[in-house]
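Chain by chain, the residues run as shown.
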Amino acid sequence: MASIIPDYEYDIFISYRQKDNRSDQWVTSFVKALRDELDATFKEDVSIYFDANPHDGLLETHDVDGSLKEKIKCLVFIPIVSRTYCDAKSFAWKNEFIAFRDFAQTDPKGLEIRLLNGNVAKRVLPVRIHDIDKEDASLLEKEIGGLLRPVDFIYKEPGVNRPLRLSDDRNLNLEKTDFKNQVNKVANAVLEIIRGIKTEDRHKPSQPQRDRQLNLPSQSTQIIKSIVVLPFENISNDPEQDYFSDGLTDELITDLSMIKSLKVISRSSCMMLKGMKKSTQELSRELNIQYVLQGGVRKAGDNLRVTAQLADAQDDTLIWGEKYNKKVEDIFQVQESISKAIVDALTISLNRDESKKLVEKPITNVRAYQKYLQAIHESGKYSKESSEHAIRFLEESLAIEGDNALLYTALGYTYELYKDLDVVNRKPHVEKVRMCAHKAIELDPELASAYGLLGISQMDQFKANYKEGIGNLMKALEINPHDAEALRWSNFWFSNSGNMKAADEAIATLREIDPLNPMSHFWFGWNHFMHGRFEQSVEEYEICERISPGQTFLLLKAMMLAYGQREDEVLAIRIPEDQAAIPPWNMISALQCAIRKDLTALDRIVQHMQEIQVESDNRSCWWIAEFYAIANDLPNAMKWLEIAMEGGWINYTFFSEHDVMMKKFRANPPFDSLLEKMKVMRDELWRNE
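These figures come from a predicted structure and were not determined experimentally.

Criteria and cut-off values
Residues numbered from 1 in each chain as written. Predicted model: local features only at pLDDT ≥ 70, side-chain atom pairs only at ≥ 80, totals over all residues. Heavy atoms only, no water. Helix = DSSP H or I, 4+ residues; strand = E, 2+ residues; numbered from the N terminus. Buried < 20%, exposed > 50% of the residue type's maximum accessible area, 1.4 Å probe, protein only. Contact = heavy atoms within 4.5 Å. Areas by Shrake-Rupley, 256 points an atom, 1.4 Å probe, with all protein chains shown as cover. 1 Å grid on protein atoms, 1.4 Å probe; cavity = no way out; pocket = protein on both sides within 12 Å on 5 of 7 lines; lining within 4 Å. Points joined across faces, edges and corners; volume = space filled by probe spheres on them. Pairing = 2+ DSSP bridges. Axes fitted to C-alpha atoms, helices over the stretch in contact; angles between N-to-C directions. Salt bridge = Lys/Arg side-chain N within 4 Å of Asp/Glu carboxyl O. Core = buried A, V, L, I, M, F, W, Y, C linked by side-chain atoms within 4.5 Å. pLDDT = per-residue confidence, 0-100.

A. Representation of the overall build of the chain within the structure. Helices and strands together make up the secondary structure of the chain, namely 31 helices and 15 strands. Going through the 689 residues of the chain one by one, you find that 56% of them count as buried. Long-range pairs, those at least 24 residues apart, make up 67% of the contacts in the chain between residues at least 6 apart in sequence. Total accessible area computed for the chain in this model is approximately 29900 Å², and 47% of it derives from carbon and sulfur atoms.

B. Examining empty space enclosed by the protein more closely. What the rule picks out here adds up to three cavities of 30 Å³ or more. Taken as a whole, the largest cavity holds about 100 Å³ of empty space. If you trace the largest cavity, you find 13 residues lining it, with Phe 332, Gln 335, Glu 360, Lys 361 and Pro 362 closest to the centre. Sorting the residues of the lining of the largest cavity by element identifies helix H9 (242–257), helix H12 (331–345) and helix H13 (352–359) as the ones contributing at least two each. By residue number, the principal contributor to the lining of the largest cavity is H12, which donates three residues.

C. Molecular detail of the sheet that holds strand S3 (residues 74–81). Across the sheet, which stays open at both edges, the five strands sit in the order S2-S1-S3-S6-S7 with parallel pairing between neighbours. Pairing within the sheet leaves two strands with one partner each, and these edge strands are strand S2 (48–49) and strand S7 (151–152). In this sheet, strand S6 (residues 127–128) lies alongside S3 in parallel orientation, the contact comprising two bridges. For Ile 80, the partnering residue across the bridge sits in S6 and is Val 127. Contacting strand S1 (10–15), S2, S3 and S6, helix H2 (residues 26–39) runs over the sheet at an angle of about 160° to S1.

D. Representation of the pattern of salt bridges within the structure. Taken as a whole and assessed by the stated rule, the structure comprises 31 salt bridges. Where Arg 511 meets Glu 540, a salt bridge forms, and the shortest distance between an N and an O atom there is 4.0 Å. You can see Arg 511 sitting in helix H21 (residues 500–513) and its partner Glu 540 sitting in helix H23 (residues 534–547), a full 29 residues away along the chain. Shared partners join several salt bridges into a network, and the residues in it are Asp 242, Asp 246 and Lys 274.

E. Expanded view of helix H24 (residues 554–563). A large share of H24 lies buried, amounting to 10 of its 10 residues. All buried positions along H24 are accounted for by Leu 554, Leu 555, Leu 556, Lys 557, Ala 558, Met 559, Met 560, Leu 561, Ala 562 and Tyr 563. Next to the buried residues of H24 lie helix H22 (518–530), H23, helix H25 (567–571), helix H26 (585–596), helix H28 (618–630) and helix H30 (652–658). Among the residues trailing H24, Gln 565 stands out with phi positive, at a value near 60°.

F. Looking closely at the nonpolar core. Counting 162 residues, the largest nonpolar core has Leu 293, Ile 338, Tyr 372 and Trp 526 as the members making the most contacts within it. The residues touching Trp 526, leaving out its near neighbours within four places in the chain, are Phe 492, Ser 495, Asn 496, Tyr 541, Leu 556, Trp 622, Trp 623 and Trp 649. Counting residues in each nonpolar core, the second largest holds 63 residues, with Ile 14, Trp 26, Ala 121 and Ala 137 among its members.

G. Up close: the confidence of the model for the chain. In the predicted model, the chain carries a mean pLDDT of 86, and 90% of its residues have values of at least 70. The low-confidence segment residues 57–64 (pLDDT under 50) makes 11 contacts with residues lying over four places distant or belonging to another chain. Segment residues 201–223 is flagged for pLDDT under 50; beyond a separation of four residues in sequence, or across chains, it makes 61 contacts in the model.

H. View of the pairing of strand S13 (residues 291–300). Sheet topology note: the strand S10 (residues 225–229)/S13 ladder contains three bridges and is parallel. Residue Val 229 lies in a different strand from S13, and its bridge partner there is Leu 293. As judged from the two bridges shared by strand S11 (residues 233–234) and S13, these two strands associate in the parallel manner. Directly across from Asn 234, in S13, lies its bridge partner Val 297. As judged from the 10 bridges shared by S13 and strand S14 (residues 303–312), these two strands associate in the antiparallel manner. The residue of S14 that forms the bridge with Gly 295 is Ala 308.

I. Region of interest: the pairing of S14. What sits between the antiparallel neighbours S13 and S14 is a turn of two residues, in which Gly 301 has the positive phi angle 65°. As judged from the 10 bridges shared by S14 and strand S15 (residues 317–327), these two strands associate in the antiparallel manner. Pairing of Val 306 across the sheet is with Tyr 324, part of S15. With antiparallel pairing between neighbouring strands as the criterion, S14 and S15 make up a hairpin whose turn holds four residues, including Asp 316 at a positive phi of roughly 60°.

Okay, here's the thing in structure tokens:
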């Protein structure tokens, strides 16, 4: 009997040790009960592969029935986890459990499936019939790449460790579990997983559309193992050397991020952990990772000492450690050695491209490399002055190294940051960003960050170039699925242009790899906003403010408060007199004028905004439309909304269903006509979705 989804042999594969079915036929009884429960749960007939007499205990020298390889092609794999199941020599472990794990990792649907409720579940659904040794539990978790979350069929009394039976009295069982209820849990879990697979298939666009628009690498379907690289400690007793230890951390993250089967927490989140004393178990829970890499760097003149150690985050056991006493000029060799050691320790198989990238030296001159590290360190301070320092360091590095793709990309991202810090003078920086991106791609057509930079430059302009911009962002993610910057911006522009499904996919991946960065919370809040969840948006922007105090996130928080009808809190925001004419303070001032219905003052502020920022920042146009909507000025609201539409703000669903400011204009012919035009523009852009 075939699976209910084409191209699969069975819906469920039951894997077990014959030892666990020999005496009382427990596994046979469980399978019969599960079949009956599935019949009452699914409308379709569900197929189960269950071999009542497997050839248990076969060693590697024995032949394996070739047909088993086909039977492994199932939707859900259920191992009956016992005290004897985790045995590398057993037939069930090697030729069923490991075989399914390997199959699922290469299967287009992956090892993990996103459920309808948004959670993620593995296609391995363990049924546990004994309390097992810690070592066996760790082995299982290591192989499936996550925490063991079984459905337990264990009967417990003091000194008792046996399978739960149908006849057992739940009141005598210390766990109070009931056999029928546990069977029901298994059937419901299978239903959720298969529904998730079906829904995933139904929403997948045709290949041409996926290539053009989505093609978002799914972290949940590719990731086997996960790691966080903690900021390497500067043990040089010289704070000026921080850039070097941070730089080594950054480069290790970059190297490991190229491995598509490894989830790597992004640099921006890792740096939020600098100086924090968290246990590996805390990091495992908070970041949902399995491994922690940490170390220290001592740089004294030309001498370099680096220590590194890799630990299992769940039990804090040391997996690998090494000390390197080298010259500074050997830093590339040290970096490569650490990356290779991590790959070996985690038994990760690299493809040809990944192996090549792991040994590449994107900058060959050590002096140029050190200036590059200083530039990255400076740009992370997020100020105009530090950005100017970073630009100078990168220009000096280029003068030493010559044309270099990584250096041009770093320079472009620094200009991208600088233009957001210098809103009044954005336009010249926009051209520099685009020039750097094109130069980097010309030098290295396989550099993910260069495509991300080009995509950002094409989208972040008055009239966004969606077709090419999103195409380049997707190219960046195709090369490196862990590119947090590309994920952030693709989420932003997917949501602005009305493709919330793709935006939610991007933000789900971003939550996995960059959960601590305030800018990630910024985009989490943005997606809540676009879904009409204004209170949740406020919560995310308050997190942003706690992590990174200042005015950066204040405008968005103010807007969310206004959407949530908390206008008194908006009016209570105090604007520094010497900053009132500068973004974002001028926009908060405009919002306050709109709430007070002071159209004269609002017109004056908008006129000034036109002169200094509108032409180079299409986001301003939308906010201005909203300000006039709050002030009940329909003509100006429509005028600015149409300008925003030309710039790419075409989320029809938001404006027609969630925008409480524009709600008052619904059923008004000019507004309805504009909405219809917006809908046509959105549908034209995503017509194949």
